[in-house]
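Okay, here's what each chain looks like letter by letter:
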Amino acid sequence: MRALNATLSTIGAGALALMSGIAAFAQDKQVGPTDGGWWLPDAATPVMEEVHFVHNLVMVIITAIVIFVFLLMAYILIRFRESKNPVPSKTSHNTLIEVIWTVVPVILLVIIAIPSMNLLYKQDRLPETEMTVKVVGNTWNWIYSYPDYEGVEEFISNPLDETQSREVGQPYLLATDAPLIVPINTRVKVLVTSVNNMHSWTVPAFGIKMDAVPGIINETWFEVYEEGTYFGQCSEICGIRHYKMPIEVKAVSKEEFAQFIASGGIPEDKLARLDGGAGVTAAND
Ligand SMILES: [Cu+2]
């Protein structure tokens, strides 16, 4: 699947793929929107790889259809224009053509439907997961916790303002004071809910967009391949500061994650590094 995806992506976005390949060697890999970016973000999880595959497959099919219809229309306009074809044909029925224009779209729909259904199933059905994180949407921040581990407090992940983002060298409206920390190569179950209005926990590189609804716990999963910082945003139109609900997930090695949990699961507090920073707040303060 990865190899096929790579080939399809190269057809569509060769230059972009090359650029992100170079960026992957950077020390602290950051995955989020890029200036002038026009393709999907690099896949960081198996689900996103499949999103890429289905997306690229549909792109190839619809491009072929558009080109075919365009050429057919051009041919008809030129070949059957009034001056060239003064006596119009009275034909209104051709069985072979009718069979073709019914059967070909059905075949194309089946070709699209099979991987689409597989993808929906993969996104919806959780595999055996190795750990759980709980994500709570709260107007206007996210609350993260690790229910599997005792003595690990839940914490609030607040957005950084423009000056703070610049000072820590991370993108404004994507950077937070305390990222969600997860280990790489680990299947993580994500429980998503909200304490007030509806939000949506969306991390494009993970292929995740899960609604956070008060009174309901939705679940999804991811398994990150590579260490790095992955950015997302709330993507529900939840209110006036909707656009200020960034999501930052830091994928670290399993050893680093074990250390993080052993030391009480206290997130790296970026605000503490800045003058006048309020510091990370435990959610139950
Ligand atoms: Cu929101």
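Structural data are supplied above this passage.
Residues numbered from 1 in each chain as written. Predicted model: local features only at pLDDT ≥ 70, side-chain atom pairs only at ≥ 80, totals over all residues. Heavy atoms only, no water.

J.: What's the story with the coordination of the copper ion in this structure? I'm lost.
T.: Ideal donor angles around a metal are set by the shape: a four-donor tetrahedron calls for 109.5 degrees, a six-donor octahedron for 90 or 180 degrees. Around the copper ion, the donor atoms from the protein are H199 (ND1), C234 (SG) and C238 (SG), and they sit 2.0 to 2.2 Å away. The sequence pattern describing where the donors of the copper ion fall on their chain is H-x34-C-x3-C. Of the two residues, H199 is situated in strand β7 (residues 199–203) and C234 in strand β10 (residues 228–234); the sequence distance between them amounts to 35 residues. With respect to burial, H199 and C234 carry one shared label: buried. (Donors = N, O, S within 2.8 Å, 3.2 Å for Na, K, Ca; no water. Helix = DSSP H or I, 4+ residues; strand = E, 2+ residues; numbered from the N terminus. Buried < 20%, exposed > 50% of the residue type's maximum accessible area, 1.4 Å probe, protein only.)

J.: Please clarify how the nonpolar core should be interpreted in this entry.
T.: Generally speaking, soluble globular proteins have nonpolar side chains that are buried together. Counting residues in hydrophobic clusters, the biggest one holds 39 residues, and the most contacted among them are W142, Y146, W201, F206, F222 and Y230. With four residues, strand β11 (residues 246–252) is the single largest residue contributor to this core. With residues near it in sequence (within four places) discarded, F222 still touches T45, V182, T186, R187, V188, V190, W201, F206 and I208. Membership of the second largest hydrophobic core comes to seven residues, among which are M48, V54, L119 and W221. (Core = buried A, V, L, I, M, F, W, Y, C linked by side-chain atoms within 4.5 Å. Contact = heavy atoms within 4.5 Å.)

J.: I tried to follow the environment of S157 on my own but got confused; where do I start?
T.: With respect to the secondary-structure elements, S157 resides in strand β4 (residues 155–157). Of the residues examined, S157 reaches a relative accessible area of 1% and is grouped as buried. Here S157 is in contact with N141, W142, Y144, T176, D177 and A178, once residues within four sequence places are set aside. From its side chain, S157 meets the backbone oxygen of A178 in a polar contact 2.7 Å long. (Polar contact = N/O pair within 3.5 Å; in protein donor to acceptor, adjacent residues only side chain to side chain.)

J.: Mind showing me how you'd approach the side chain of T202 here?
T.: The residue T202 is located in strand β7 in this model. If near-sequence neighbours (up to four positions away) are discounted, T202 is found in contact with I208, K209, G232, Q233, S235 and I247.

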